[in-house]
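# Chains, contacts and geometry: an overview
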Amino acid sequence: MKTYFIFACVVALTVAGVCQAGVLRKNFYSNSCPSAEAIVKNITQTLVASDPGLPADLLRMHFHDCFVRGCDGSVLITSTANNIAEKDSIPNLSLEGFDVIDEIKTELESKCAGKVSCADILALAARDAVSFQFQKPMWEVLTGRRDGKVSLASEVLANIPSPFFNFSTLLKGFQSKGLTVHDLVVLSGAHTIGHGNCILFSNRLYNFTGKGDQDPSLDPTYAAFLKTKCKSLSDTTTTVGMDPDSSTNFDASYYVNLKHKKGLFQSDAALLTNRISNKIVGELQKSTDFFKEFAQSMKRMGAIGVLTGNSGEIRKTCGVINS
Ligand code: HEM
């Protein structure tokens, strides 16, 4: 019976490009829009060439998409008079790169209208942006995601981990998405690129326990450096590179820094507070090892709660649910 279903599904896939079983696959668009992946890659990498911060923007946006209602492009939706969308929730206010997804979508709609989902565009663009530095794909992105029809700001805080979380809360959040402690440590390595706002860690510099003190788990020299950037507890405008000196370089230095007590957020430092995750941090110090593990964990993250087959829709505009 099971064999028959899989066979029927493969036939359905081939004939109609649709399968109810709900799995992502390689080259989902090979018939419906053969140039889809090349278009995403070309536009993304052209833009990354003149904006080295874009890989971080898109990688974080893909993460924030997947952790709220699965990787369904819900993070891309614009609020309306009747609905405050995810995009307008506090953790998402600093997301950037929406214009890039829109530009890719416009091109794809002109080449093959109504075929390529915004959720897939985001997953592919995040991969292609990070991969630009290496001139080869850093992880495989399976496709066939469809776009969700719901996006609620009220669901974001409960799903996107806070930089103030301790280890057990972080792990619970990842486990609730079907991810493991290994995925938690590996995916946190994304903080090898990008920036963090002072307000999200300055308590560690100026007022850790309410007594004007510093977080003892933060390297004092690094803390002194951070204080030269974030001048006070109430600095809400300054950002600093999360990986000192290499915040546009995707590498394993996040883990090397972390071991030296130079993780920026409490949530980074928290990875050293558990025996198992601390051991994993130790195992990811070499870029080749990190890249291999990151590729696998990204594949798992990219499959969280996906809509496939006839679920959801293919949005015409990534910011707007089809009417
Ligand atoms: C483990 C739990 C995580 C926490 C608590 C966390 C928290 C944060 C925070 C607070 C920022 C800075 C935002 C700002 O200053 O506005 C940030 C940035 C970033 N996060 Fe995470 N994050 C986590 C996991 C992840 C994961 C799994 C990924 C991707 C796979 C990721 C990718 C990024 C990137 C690339 C940036 C830099 C964004 C930019 O510069 O545009 N993070 N994260």
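If you look the chain up in an unreviewed UniProt entry, it shows as Peroxidase from Salix purpurea. According to the UniProt record, the Catalytic activity (unreviewed entry) comment for the chain reads "2 a phenolic donor + H2O2 = 2 a phenolic radical donor + 2 H2O". Per its UniProt entry, the chain bears the Function (unreviewed entry) comment "Removal of H(2)O(2), oxidation of toxic reductants, biosynthesis and degradation of lignin, suberization, auxin catabolism, response to environmental stresses such as wounding, pathogen attack and oxidative stress. These functions might be dependent on each isozyme/isoform in each plant tissue."

## Considerations on a negative patch on the surface
Taken together, D51, E96, D99, D102 and E103 make up a surface patch of like negative charges. If you trace the backbone, D51 turns up in the loop between helix 2 (36–50) and helix 3 (54–66). Judged by relative accessible area, which is 34%, D51 ranks as partly exposed.

## Details of helix 13 (residues 287–301)
Along an α-helix, residues three or four positions apart point the same way, because every turn accommodates 3.6 residues. For helix 13, which comprises 15 residues, the first-to-last C-alpha distance of 20 Å matches the rise-based estimate of 21 Å (1.5 Å per residue) to within 8%. The inward-facing, buried residues of helix 13 contact helix 3, helix 7 (181–188) and helix 10 (253–259).

## Concerning the domain arrangement of the chain
Splitting the chain by domain gives domain 1 (25–155) and domain 2 (167–301). Look at where the C-alpha atoms of domain 1 and domain 2 centre, and you get two points 24 Å apart. For the pairing of domain 1 and domain 2, the buried interface totals around 1400 Å² over both sides, and the portion due to carbon and sulfur atoms is 76%. Between domain 1 and domain 2 we count 1 salt bridge in total. Across the pair E140 and K299 runs a salt bridge, and its minimum N-O distance is 2.5 Å. At the boundary of domain 1 with domain 2, the tally comes to 4 residue pairs in polar contact (both at pLDDT 80 or more). At 6 residues, helix 3 tops the list of elements feeding residues into the side of domain 1 that touches domain 2.

## Details of the coordination of the iron atom of the ligand
Octahedral metals with six donors have ideal donor angles of 90 or 180 degrees. Tetrahedral metals with four donors have an ideal donor angle of 109.5 degrees. On the protein, H191 (NE2) is the one donor atom to the iron atom of the ligand, at 2.1 Å. Here H191 shows up in the loop between helix 7 and strand 1 (195–197).

What counts, and at which threshold
- Residues numbered from 1 in each chain as written.
- Predicted model: local features only at pLDDT ≥ 70, side-chain atom pairs only at ≥ 80, totals over all residues.
- Heavy atoms only, no water.
- UniProt positions renumbered as here; feature names shortened; annotations may be inferred.
- Patch = residues over 30% accessible without salt bridge, like charges linked within 9 Å, V, L, I, M, F, W, Y side chains within 5 Å.
- Areas by Shrake-Rupley, 256 points an atom, 1.4 Å probe, with all protein chains shown as cover.
- Salt bridge = Lys/Arg side-chain N within 4 Å of Asp/Glu carboxyl O.
- Lys, Arg positive; Asp, Glu negative; His and termini not counted.
- Charge placed at Lys NZ, Arg CZ, Asp CG, Glu CD.
- Helix = DSSP H or I, 4+ residues; strand = E, 2+ residues; numbered from the N terminus.
- Buried < 20%, exposed > 50% of the residue type's maximum accessible area, 1.4 Å probe, protein only.
- Expected span 1.5 Å × (residues − 1).
- Contact = heavy atoms within 4.5 Å.
- Domains from an automatic or database assignment.
- Buried area = accessible area lost by both parts, 1.4 Å probe.
- Polar contact = N/O pair within 3.5 Å; in protein donor to acceptor, adjacent residues only side chain to side chain.
- Donors = N, O, S within 2.8 Å, 3.2 Å for Na, K, Ca; no water.

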